[in-house]
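These are the residues of each chain, in order.
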Amino acid sequence: MRQLKRILIVGGGSAGWMTAALLAHLFQGLYEITLVESEQIGTIGVGEATIPAIKKYNELLGLDENEFMCRTQGSFKLGIQFVDWWRRGESYIHGFGVIGQDLGWLRCHQYWLKMRAAGKASDFSAYSINTAAALANKFMRADPKLAESPIGHIAHAFHFDAGLYAQFLRGHAEARGVRRREGKVAGVALRADGFVESVTMEDGEVIAADLFVDCSGFRGLVIEEALKTGYEDWTHWLPCDRAMAVPCARTEPFTPYTRATARASGWQWRIPLQHRTGNGHVYASRFIDDAEAEAQLLANLDGAQLAEPNRIRFTTGKRRKTWNRNCVAIGLAAGFMEPLESTSLYLIQSAIIRMVRLLPDAGFDPATIAEFNRQTDFEYERVRDFIILHYKATERDDTPFWRHCRDMEIPGTLRRKIDLFAANGRVFREDDELFTEESWIQVFLGQGVIPRNYDPLVDIRSDVQVAQFLGNIENVIGKCVAVMPGHADYVAKTCPAT
Ligand code: FAD
């Protein structure tokens with residue numbers, strides 16, 4: 001068997017350094033790893049909100065969570081608040097983690113649906129420790145010793161400064177032998193069989209490798225410009241194609257959640273960090289021009305503007321193959337979906353782990369490559385459907401953009417999920433798709449997809465039993481939230497930025 005020897009990572013944004021750090025850590029010197037990046041080109045400079053899976057990535061690297069938070073101006077995240085998505089004036093939180101607890105065969109929301117119809121249930125947010133704590137601006141990490149209590153089940157992610165995170169990971173990677181080469185790649189050379197042979201730097205140096213990891217951002221320097229892999233455009237389902245990001249001064253309260261507020265032709269994010277708040281407007285250029293998008297963004301900052309807006313254009317979709325010949329594309333080079341559910345850094349982490357699990361030898365077996373692409377397609381398509389749901393399930397008809405979203409065709413895979421939930425509140429996680437049943441349930445309900453009926457098995461219990469079951473959950477969660485520390489205090493005590 002001929003083994004790989006040299007791995008070249010092209011690009012040093014979050015994708016490049018996340019890849020370099022994890023490969024160096026896992027491979028322990030087995031391969032020669034080089035990363036090329038260009039300070040002159042720079043990085044995209046956004047990407048600050050995450051989902052809980054990032055903890056696994058940090059754990060794999062052996063990072064200390066408090067040190068990571070200190071070094072990246074981090075804050076904790078319990079979920080995402082969606083404002084004005086279903087209807088103007090309505091909001092809900094998609095909280096991470098479990099909701100209440102199961103009873104018998106059924107999830108908690110089935111009992112809630114029955115009591116809600118009878119006017120005897122509280123708002124659904126009262127049954128999730130993450131959501132109830134978020135609304136009270138409280139935070140603590142789960143206490144594993146309290147497995148019987150909701151406090152044992154708090155699920156958290158982070159907001160952080162993406163530039164500082166990449167720097168942090170760079171230190172980690174370089175300490176484990178990754179060689180960084182500064183400079184612009186000017187060309188990519190292919191072998192006669194179409195595989196990539198080397199890249200040529202602007203100063204003429206030729207860097208050859210066996211495996212190329214394309215982390216060069218939207219342009220896809222190797223996967224697209226050299227290998228002409230092709231791109232699947234999903235703009236007909238997710239019409240936003242531009243973003244504008246701008247930081248503002250930190251304001252109180254220091255919320256432990258991301259906020260996504262629907263605007264006339266897109267939506268605006270708000271991400272609280274220790275030293276500032278990140279903001280951005282994601283919008284559809286077919287429905288609003290840049291000047292009006294900028295005006296809407298700047299009119300809706302809750303602190304003093306700290307910099308000029310960073311303008312970004314994108315096409316939602318993915319490469320037809322994210323692994324083509326001896327090139328694996330990771331990060332924006334692989335594809336992009338808007339940051340509504342903070343999935344991009346997760347997709348990077350997941351691609352790196354998938355690549356490690358399907359690590360090729362120098363023969364690049366086609367079945368291995370096909371399996372990588374199959375798993376990637378499945379993951380992207382399920383995330384895509386989840387994001388589309390936020391747009392499709394809306395009653396908003398106040399602008400052409402929202403009317404378009406409400407009336408647009410959607411993928412059959414999503415149509416099936418909506419129809420199933422709308423009947424009896426059922427949802428099934430397919431294989432290892434990213435979003436859990438709890439995630440789908442919260443977004444369905446938050447977007448106004450209220451099932452016509454509940455699961456018939458609910459009626460095994462009497463109304464008194466059901467009311468008692470829900471009442472207990474609400475009561476216990478209320479008591480837990482009351483004793484949790486405030487988010488700002490918790491951060492100041494455990495991981496203040498250095
Ligand atoms: P980039 O950051 O663009 O890095 C590309 C690298 O390639 C750079 O180092 C560049 O110098 C190098 N390069 C390019 N060409 C050459 C060349 N010729 N020679 C040498 N080097 C070269 N993700 C989340 O998880 N959460 C979020 O909240 C979030 N928000 C986002 C908001 C917006 C508006 C956008 C567009 C994205 C967001 N993302 C988010 C996604 C996230 O920003 C990216 O997935 C992440 O930053 C990875 O980017 P990257 O490393 O692939 O690309």
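Remember, predicted model here, so these are calculated numbers, not experimental data.

1. Re the layout of surface pockets
- Taken as a whole, the second largest pocket holds about 1,100 Å³ of empty space.
- Every residue lining the second largest pocket is counted, 35 residues in all, and those nearest its centre are Ala53, Lys56, Tyr346, Arg429 and Leu434.
- At the level of elements, helix H2 (54-61), strand E5 (91-95), helix H9 (344-357), helix H10 (366-392) and helix H13 (437-446) are the ones that each hand at least two residues to the lining of the second largest pocket.
- Per element, the largest residue contribution to the lining of the second largest pocket is six residues, and it comes from H9.
- In terms of residue class, the lining of the second largest pocket is made up of twelve nonpolar, nine polar and 14 charged.
- Counting contributing residues per domain, the lining of the second largest pocket is built from domain 1 (6-47 + 161-231 + 316-364) and domain 2 (80-155 + 242-313 + 386-498), each supplying no fewer than three.

2. What about the side chain of Lys392?
- Among the structural elements, Lys392 can be located in helix H10.
- Buried charge Lys392 goes without a salt bridge, the closest partner of opposite sign being Asp407 at 5.8 Å.
- At 2.6 Å, the side chain of Lys392 and the backbone oxygen of Met408 are in polar contact.
- Setting aside chain neighbours within four positions, we find Lys392 in contact with Cys405, Arg406, Asp407, Met408, Ile410 and Arg415.

3. Digging into the sheet that holds strand E4 (residues 79-83)
- With respect to topology, seven strands assemble into an open sheet ordered E5-E4-E14-E15-E16-E13-E17, the strand pairing being mixed. Where the open sheet ends on each side, the last strands, each with one partner, are E5 and strand E17 (310-313). Looking at each pair of strands side by side, their axes are set apart by 20 degrees on average, direction ignored.

4. Considering the pattern of salt bridges
- Counted under the stated rule, the structure contains 39 salt bridges.
- Here Arg311 ties to Glu294 by a salt bridge, and the two come within 2.3 Å at their closest N and O atoms. With Arg311 in strand E17 and Glu294 in helix H8 (residues 290-299), the pair connects residues that are 17 residues apart, well separated along the chain.
- A single network of salt bridges, built from pairs that share partners, joins Glu37, Glu39, Arg180 and Glu182.

5. With respect to unusual backbone geometry
- Going from Glu252 to Pro253, the amide bond is cis rather than trans, its omega being -5 degrees.
- With respect to the secondary-structure elements, Pro253 resides in the loop between strand E13 (242-248) and strand E14 (258-263).
- Of note, the phi angle at Gln28 is positive, near 45 degrees, even though the residue is not glycine.
- Following the sequence through the fold, Gln28 ends up in the loop between helix H1 (14-27) and strand E2 (32-37).
- Phi at Gln73 takes a positive value of approximately 60 degrees, unusual for a residue other than glycine.
- The class for Gln73 is buried, based on a relative accessible area of 15%.

6. Some thoughts on the site of the ligand
- Residues in contact with the ligand amount to 34 residues; listed here are only the nearest, Gly12, Val46, Ala49, Val185 and Leu345.
- Ala15 is positioned with one of its backbone polar atoms (N or O) 3.0 Å from an oxygen atom of the ligand.
- Leu345 is positioned with one of its backbone polar atoms (N or O) 2.8 Å from an oxygen atom of the ligand.
- Relative to its unbound accessible surface of 1,000 Å², the ligand loses 97% to contact with the protein.
- Those elements that place two or more of their residues in the shell around the ligand are H1 and H9.
- Tallying contributions element by element places H9 first for the shell around the ligand, with three residues.
- Along the lines of polarity and charge, the residues of the shell around the ligand split into 16 nonpolar, 14 polar and four charged.

7. Side note on the nonpolar core
- The biggest cluster of nonpolar side chains holds 159 residues, and the ones touching the most others in it are Ile330 and Tyr391.
- Built from parts of two domains, this core gets at least three residues from each of domain 1 (6-47 + 161-231 + 316-364) and domain 2 (80-155 + 242-313 + 386-498).
- Not counting residues up to four positions away in its chain, the partners in contact with Ile330 are Ala15, Thr19, Val213, Asp214, Cys215, Ile348, Ala351, Ile352 and Met355.
- Membership of the second largest hydrophobic core comes to eight residues, among which are Met244, Cys248, Ala293 and Leu297.

8. Focus on helix H14 (residues 463-483)
- Spanning 21 residues, H14 covers 31 Å between terminal C-alpha atoms, matching the ideal 30 Å at 1.5 Å per step.
- Here H14 has its buried residues at Val466, Phe469, Leu470, Ile473, Ile477, Cys480 and Val481. End-on view of H14: buried residues confined to an arc of 100 degrees, all on one side of the axis. Of the residues in H14, the exposed ones pointing more than 90 degrees away from the buried face are Val464, Gln468, Lys479, Ala482 and Val483.
- Contact partners of the buried residues in H14: helix H4 (108-117) and helix H5 (129-135).

9. Quick word on the sheet that holds strand E18 (residues 317-319)
- Taking strand neighbours across the sheet as the criterion, the three strands line up as E12-E18-E21 in an open arrangement whose pairing is antiparallel. Of all the strands in the sheet, just strand E12 (231-233) and strand E21 (335-336) have a single pairing partner and so form its edges.
- Sheet topology note: the E18/E21 ladder contains two bridges and is antiparallel. Residue pairing for E21: Gly317 is matched across the bridge by Phe336.

10. Let's talk about the domain arrangement of the protein
- Split into domains, the protein comes out as domain 1 (6-47 + 161-231 + 316-364) and domain 2 (80-155 + 242-313 + 386-498).
- Facing 13 residues of domain 1, the contacting portion of domain 2 comprises 22 residues.
- For the pair domain 1 and domain 2, the two sides together bury roughly 1,300 Å², of which 71% comes from carbon and sulfur.
- Of all residues in domain 1, Glu338, Leu340 and Glu341 bury the most surface against domain 2, accounting for 48% of the area lost on that side.
- There are one salt bridge connecting domain 1 and domain 2.
- Where Asp161 meets Arg276, a salt bridge forms, and the shortest distance between an N and an O atom there is 3.2 Å.
- Run the count over domain 1 and domain 2 and you get six residue pairs in polar contact (both at pLDDT 80 or more).

Conventions adopted
Residues numbered from 1 in each chain as written. Predicted model: local features only at pLDDT ≥ 70, side-chain atom pairs only at ≥ 80, totals over all residues. Heavy atoms only, no water. 1 Å grid on protein atoms, 1.4 Å probe; cavity = no way out; pocket = protein on both sides within 12 Å on 5 of 7 lines; lining within 4 Å. Points joined across faces, edges and corners; volume = space filled by probe spheres on them. Helix = DSSP H or I, 4+ residues; strand = E, 2+ residues; numbered from the N terminus. Nonpolar A, V, L, I, M, F, W, Y, C, P; charged D, E, K, R; others polar. Domains from an automatic or database assignment. Buried < 20%, exposed > 50% of the residue type's maximum accessible area, 1.4 Å probe, protein only. Lys, Arg positive; Asp, Glu negative; His and termini not counted. Salt bridge = Lys/Arg side-chain N within 4 Å of Asp/Glu carboxyl O. Polar contact = N/O pair within 3.5 Å; in protein donor to acceptor, adjacent residues only side chain to side chain. Contact = heavy atoms within 4.5 Å. Pairing = 2+ DSSP bridges. Axes fitted to C-alpha atoms, helices over the stretch in contact; angles between N-to-C directions. Near = heavy atom within 4 Å. Areas by Shrake-Rupley, 256 points an atom, 1.4 Å probe, with all protein chains shown as cover. Core = buried A, V, L, I, M, F, W, Y, C linked by side-chain atoms within 4.5 Å. Expected span 1.5 Å × (residues − 1). Arc of directions from axis to C-beta. Buried area = accessible area lost by both parts, 1.4 Å probe.

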